[in-house]
Amino acid sequence: IQMFHSLLLDKRLTKDLVSSMISDTMPILRKYGISGNQFLDIWNKSDCNYLTEDARNILDITSGIGYKNIVLTDWWFERQFKQLLFFEILDYIEEIYAVDGQYQKACTKSFSRLYIKNPSDYIMIGDSIPSDIAYAKNVGIDSIWYNKKGIKNVSSIIPTYEVRDLMSILDYI
């Protein structure tokens, strides 16, 4: 996954581009008669996320006090929409900014994915230093790194805040 991110980092992503990259970098797929497009379709439909009750509670609380919850994702819009619908949290989400035709969050060019007029009006909450927290740094907004495993950040990307417990996010917003 990290290799794909680095190969695609400076490119506007389309399903055709990603499918082609998969075909070019995973020759084993040809042996089994699987195209890059088929692989991407299966990957796009796979269930690799979960939602904790704390995450649902945070969405409920933040919505209730007037915060606008926005999803900025490196997944395709269709998949992200279905995921939010599946978790029954779509009503908490104001907007979804997906990767379709855009740069990944980690790319410095990705600032155009979300128009930010006043950086102090936003805070990025995420569990990925090289993606979520890097995006926040690139666009000049505060960030909260959800570090549930308590790993040490050895990168040069420093979050504004770090929490190990999801509900602790509420202390910073």
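Right above here is the structure, for reference.
Keep in mind that what you see is a predicted model, and the values were worked out from it rather than measured.

**Section: the sheet that holds strand β3 (residues 123–126)**
Stage number 1. One open sheet accounts for three strands, arranged β3-β4-β5; its pairing is parallel. The open sheet is flanked by β3 and β5 (161–163), the only strands paired with a single partner. This sheet shows a mean twist of 15 degrees between the axes of neighbouring strands, independent of strand direction.
Stage number 2. Bridge count between β3 and strand β4 (residues 142–146): four bridges; the pairing is parallel. Paired with Gly126 across the two strands is Trp145, which belongs to β4.
Stage number 3. Docked against the sheet, helix α7 (residues 129–139) engages β3 and β4, running at close to 160 degrees with respect to β4.

**Some thoughts on α7**
Stage number 1. Burial analysis of α7 places eight of its 11 residues in the buried class, the great majority of the element.
Stage number 2. Restricting attention to buried positions, one finds in α7 the residues Ile129, Ser131, Asp132, Ile133, Ala134, Tyr135, Ala136 and Val139.
Stage number 3. Of the residues one or two after α7, Gly140 is the one with positive phi, at around 80 degrees.

**With respect to the nonpolar core**
Stage number 1. Counting residues in each nonpolar core, the largest one holds 11 residues, listed as Phe4, Leu8, Leu13, Val18, Met21, Ile22, Met26, Leu29, Leu40, Trp76 and Val99.
Stage number 2. For this core, the elements supplying multiple residues, two or more each, are α1 (2–8) and α2 (15–25).
Stage number 3. Take this core: its biggest share by element is three residues, from α2.
Stage number 4. In this view, Val99 contacts Leu13, Thr73, Asp74, Trp75, Trp76, Gln104 and Arg113; residues no more than four positions away in its chain are not counted.
Stage number 5. Counting residues in each nonpolar core, the second largest holds eight residues, with Leu114, Ile116, Met124 and Ala136 among its members.

**Some remarks on the packing of aromatic side chains**
Aromatic ring pairs: the centre-centre distance and the angle between the two ring planes describe each pair.
Stage number 1. With the rule as written, the count across this model stands at five aromatic pairs.
Stage number 2. Ring centres of Trp43 and Trp75 lie 6.0 Å apart, and the angle between their planes is 80 degrees; this geometry places the pair in the edge-to-face category. Highlighted residues: Trp43 in helix α4 (residues 36–45) and Trp75 in the loop between β1 (69–72) and α6 (77–86), separated in sequence by 32 residues.
Stage number 3. Look at Trp43 and you get partly exposed, because its relative accessible area is 23%.
Stage number 4. For Trp75, a relative accessible area of 22% puts it in the partly exposed group.
Stage number 5. Ring centres of Phe86 and Phe87 lie 5.3 Å apart, and the angle between their planes is 65 degrees; this geometry places the pair in the edge-to-face category.
Stage number 6. Residue class for Phe86 comes out exposed when judged on its relative accessible area of 57%.

What counts and how
Residues numbered from 1 in each chain as written. Predicted model: local features only at pLDDT ≥ 70, side-chain atom pairs only at ≥ 80, totals over all residues. Heavy atoms only, no water. Pairing = 2+ DSSP bridges. Helix = DSSP H or I, 4+ residues; strand = E, 2+ residues; numbered from the N terminus. Axes fitted to C-alpha atoms, helices over the stretch in contact; angles between N-to-C directions. Contact = heavy atoms within 4.5 Å. Buried < 20%, exposed > 50% of the residue type's maximum accessible area, 1.4 Å probe, protein only. Core = buried A, V, L, I, M, F, W, Y, C linked by side-chain atoms within 4.5 Å. Phe/Tyr/Trp six-rings, centres within 6.5 Å; stacked < 30°, edge-to-face > 60°.

The values reported here are purely geometric and, on their own, carry no functional implication.
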